[in-house]
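What follows is each chain in one-letter form.
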Amino acid sequence: MTAAAADPMQSFIRSRWGWRDWLLTTDHKRIALLYLLSITGFFFIGGAAASLVRLELLTPKADLLGEEIYNRSFTLHGIIMVWFFLIPSIPAVFGNFLVPLMIGARDLAFPRLNLASWYIFIAGGLIVLSAIIWGGVDTGWTFYTPYSTTYANSAVVLVIAGIVVAGFSSILTGLNFIVTIHTMRAPGMGWMRLPLFVWSTYATSIILVLATPVLAIVTILVAIERIWTVGIFNPDLGGDPLLFQHLFWFYSHPAVYIMVLPSMGVVSEIIPCFARKPIFGYHFIAFSSIAIAVLGFLVWGHHMFVSGQSIYASLIFSILSFLVAIPSAIKVFNWTATLHKGTIHFRTPMLYALGFVGLFVLGGLTGLLLAATAVDIHVHDTYFIVAHFHYIMVGGAVMGYLAAVHFWWPKLSGRRYHEGLGIFSAILLFVGFNLTFFPQFILGYEGMPRRTASYAEEFQLLNVLSTAGASILGVGYVLPLIYLLWTLRKAPDAGPNPWGATGLEWSVSSPPPQENFAETPVITGPPYAYDTMSDPMNQEYVHG
Amino acid sequence: MLPERAAEGAREVDAVFLSLIAMALFFVLLVGLLILRFSIKYRAGSRADRSGRVQKTWRWEVTWTIIPGLIGLAIFIWSGWVFFDVTQPPRNARTIYVVGKQWMWKIQHPDGPEEINELHLARGQPVKLLLRSQDVIHSFYIPAFRVKQDALPGRYTSMWFTPNKTGAFHLFCAEYCGTEHSQMRGTVYVMEPEAFQLWRSSASPKDKAPNMPGTPGAPLAITGQGTFFDFGCNACHTPSARVIAPQLDGLFGQQIRLRDGSLITADEQYIRESILDPNAKIAAGYAYPSLMPTYKGQISESEMRDLIQFIQDLRDGWPGKGETP
Ligand code: HEM
Ligand SMILES: [Cu+2]
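Residues numbered from 1 in each chain as written. Chains lettered and ligands numbered in written order. Predicted model: local features only at pLDDT ≥ 70, side-chain atom pairs only at ≥ 80, totals over all residues. Heavy atoms only, no water.

## Quick word on the overall build of chain A
Along chain A, the regular secondary structure elements total 17 helices and zero strands. The C-alpha radius of gyration of chain A comes to 23 Å, within 12% of the 24 Å expected for a compact globule of 544 residues. Overall, chain A is about 70 × 45 × 45 Å in size when its C-alpha atoms are taken along their principal axes. The 544 residues of chain A split such that 65% are buried. Sequence-distant contacts, at least 24 apart, represent 82% of the contacts inside chain A between residues at least 6 apart. For chain A, the exposed area adds up to about 18,100 Å²; of that, 71% sits on carbon and sulfur atoms. (Helix = DSSP H or I, 4+ residues; strand = E, 2+ residues; numbered from the N terminus. Rg over C-alpha atoms; globule rule 2.2 N^0.38 Å. Buried < 20%, exposed > 50% of the residue type's maximum accessible area, 1.4 Å probe, protein only. Contact = heavy atoms within 4.5 Å. Areas by Shrake-Rupley, 256 points an atom, 1.4 Å probe, with all protein chains shown as cover.)

Below is the structure:
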């Protein structure tokens, strides 16, 4: 680009473009873009593995990949999607980009730590990818012992190393957000004036900081037992295999809230904006995020109802799991009530947000079926589970992520995408998603176990349906990639605030200036002060 | 749409499932229809009346917290009830020993027959499976019975059911256990009791005297009695022994008070542990450390199994000494 004048109010994308200006940047917005690029890469790698899995399942025999490669494919899929796409997705991309802008700060509290987090994340990812050269792993993303410690013949230790490394990135990012939200709010930005996205990022950060170390500990213990044959989990060596499951799910259950809480925050921003109405029950939505973060730590045993855990423990985990559904229900009802007497515009972000609500409700309610001990002993470890967590993680978290991408793309890039294409692919994704994963609920109740390359003949029809749905889903994921990239070449300017949204990030130009704010903003009122008068989206109705 | 049901508890599990589906449907429709209605009525450009928005939100919040909460509580209680039912075996259940290993199920009936990836059962007879794994974790899953239980290395777990419909049903391994996990499948045959008797006598090896301890196909309890004497258990654990040790007849399935005052059921896992690690749980009235030596490393899994079947049968008194309940 041109010899960059040191104008601090120049757009953060426009200013200097040497490789150092990107790879050594400490600007939260540029780091957000680095994450955006890298997790998009991981998403398509994880997606390729999923396509292999779905293709193998077209026929009841293990004929396309064979068992060995099938097992490695679903393991790679799970590991990449969980740790290298979903967990970083909204927090690392939009948390980074938005938290300082939303609270009126110049950057995160520790900008250099933020850059270091990205490098750590990439290092972790490269370690895991390098394991593919060594043949990959075949333990499933859950690494159950003693299979992973004693019997698996694959690159378990290498992959664990990658996950532990990436975990440090999570911890540091969470820490950075917590400190930033506590100490860097602009004057007047009290806790009860924080945008709900910031609340949910805060709740997510608590989980990141408290849960991730347990994951590191338990996976390192696996590596220790594997390398030095120290008896920790393998009963032949004097260990206890269930200890692993307790520790693993103590992290991994809260981790599903790491994936879905940020999406809830996104939806809480989008619905009031496109309904032109302040959000219903602000306090309840804010505190339900904290409630979810806390209760989420107390329900891990619902993954172990048939593991041989005491039935009294199971009953306690069961009732706690019913309880954790309540704060989620509160959110759903409040979003719905926000629509009441609003002025609703159906733009792409809103379609994704409403899609999120629908699919999350289904995923959440099927979670109640699993919390019911009597039902779970039948459907545990069947395709019912696979369907359930995909409704939450793909229908919920990924929809929320795409809602965020479409809502903030004009802010991030300064460009507008083709609205028609946006709406088309949102609908395509919704249809493809349901076609892929709804049949799996039925498969699961009929008794098809998960993680099998071959299966009983009678399950074939529903599997074919599911694979067909997956191909629609695949198109739905590639389309946005294409039309969003296209906007970088040629597209109308977005202007600072195309949606007429409230919120500080919309008060600066798009893309935001390097310095964020020319001078520190002062906040004088609550968030979501929407009214129909100042609605740019309304022009088209008023003028015809 | 519901898969075939072939065991007594299956109906209850389906009932809980269907009610939960009904509840889920209710909430999906409630939220879905509300969103749909608001979306149409309040779409931008519509002339709907938008005055008088709800101001006092907390009444609504309380309503939609309490109602789902109560529904959840009710379902928890019911489902917990059924869960209790399907996990607590009745006393008259026949114990069958199951071993999972990469990648097959080995099944041992208490009175002799052994099978692999097949399980023959008599209709109407309650059965308890005592599961164990020889390597990694597996999970014994019969969808038509609506039950599943993990098999762990190094300890016992159990499950039970009463098949109530004849036929052949799938048996799966539900816990991922390595390369050929998907091949770890089998069939459960439920037969009329007479047909089952016939199968049993033909499945037991005829050429060997079936009641000789240690012969394959001999009832486990008989072999177990031999093991009991071979390991010298009888030195302490018989009515005539001079050492003070707990009596084993009538012990199985009882509630035992331990030294620390807690209560425990004398089940297979407790007996196993008492043999391998006598100091782990000491019954009230006995000294710590226990006088009993550990048999860890000396006793094989099949000897353990036989001993347990022997002790279980001692429930009805010492063999050959008449009926002493
Ligand atoms: C987009 C985000 C996605 C995430 C976060 C995700 C996450 C996961 C996770 C955690 C597992 C469990 C892996 C395991 O059991 O080891 C899984 C399994 C699976 N996923 Fe996904 N997934 C995503 C997308 C998809 C898509 C688009 C498809 C279909 C094309 C798909 C198909 C499957 C299948 C078939 C399994 C079951 C593998 C098995 O248990 O045999 N997933 N996914
Ligand atoms: Cu198995």
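## Here we look at the sheet that holds strand S6 (residues 138–142) of chain B
Remark on secondary structure: sheet strands pair via backbone hydrogen bonds, oriented parallel or antiparallel. Residue and element names in this part refer to chain B. One open sheet accounts for five strands, arranged S4-S10-S9-S6-S7; its pairing is mixed. Edge strands, defined here as strands with exactly one partner in the open sheet, are strand S4 (118–122) and strand S7 (147–151). The mean inter-strand angle of the sheet, taken between neighbouring strand axes irrespective of direction, is 20°. In the sheet, S6 pairs with strand S9 (residues 167–173) via two bridges, with the strands oriented antiparallel. Bridging across to S9, phenylalanine 140 finds its partner in cysteine 173. Packing against the sheet, helix H3 (residues 193–203) makes contact with S4 and strand S10 (185–191), and its axis sits at approximately 135° to S4. (Pairing = 2+ DSSP bridges. Axes fitted to C-alpha atoms, helices over the stretch in contact; angles between N-to-C directions.)

## Some thoughts on the interface of chain B and chain A
It is common to give the size of an interface as the accessible area that goes away when the parts come together. Listed per partner, the contact involves 79 residues of chain B and 83 residues of chain A. Roughly 6,700 Å² of surface becomes buried between chain B and chain A when both sides are summed, with 69% attributable to carbon and sulfur atoms. Counting the surface chain B buries against chain A, the share from its top three residues, B:Trp64, B:Phe83 and B:Tyr176, is 11%. The interface formed by chain B and chain A includes zero salt bridges. Applying the counting rule to chain B against chain A returns 25 residue pairs in polar contact (both at pLDDT 80 or more). The set of elements that each furnish at least two residues to the side of chain B that touches chain A consists of helix H1 (10–41), helix H2 (58–87), S7 and S9 of chain B. (Buried area = accessible area lost by both parts, 1.4 Å probe. Salt bridge = Lys/Arg side-chain N within 4 Å of Asp/Glu carboxyl O. Polar contact = N/O pair within 3.5 Å; in protein donor to acceptor, adjacent residues only side chain to side chain.)

## Focus: the confidence of the model for chain A
With 97% of its residues at a pLDDT of at least 70, chain A reaches an overall mean of 92. Here residues 1–5 of chain A is a poorly scored stretch, pLDDT under 50, and it has four contacts once near neighbours within four places are set aside; other chains count. (pLDDT = per-residue confidence, 0-100.)

## Side note on the nonpolar core
If you look at the biggest cluster of nonpolar residues, it comprises 248 residues, and the most contacted ones within it are A:Trp83, A:Phe94 and B:Phe145. Among the elements that take part in this core, helix H14 (residues 383–413) of chain A stands out by supplying 22 residues, more than any other. Not counting the four nearest positions on each side in its chain, B:Phe145 is found in contact with B:Ala6, B:Ala7, B:Ala10, B:Leu121, B:Phe161, B:Pro163, B:Phe169, B:Val188 and B:Val190. By size, the runner-up hydrophobic cluster in this structure holds 27 residues, among which are B:Tyr97, B:Phe228, B:Leu248 and B:Ile264. (Core = buried A, V, L, I, M, F, W, Y, C linked by side-chain atoms within 4.5 Å.)

## Section: the pairing of S6(B)
Residues and elements named next belong to chain B. Among the five residues of S6, five are classified as buried, and the element is accordingly described as predominantly covered. Because side chains alternate across S6, one face comprises the buried residues His138, Phe140 and Ile142, and the other comprises Ser139 and Tyr141, equally buried. Where S6 lies against S7, five bridges are found, and the strand directions are antiparallel. Residue isoleucine 142 lies in a different strand from S7, and its bridge partner there is valine 147. Following S6, the chain reverses through four residues before pairing antiparallel with S7; arginine 146 in that reversal takes a positive phi of roughly 60°.

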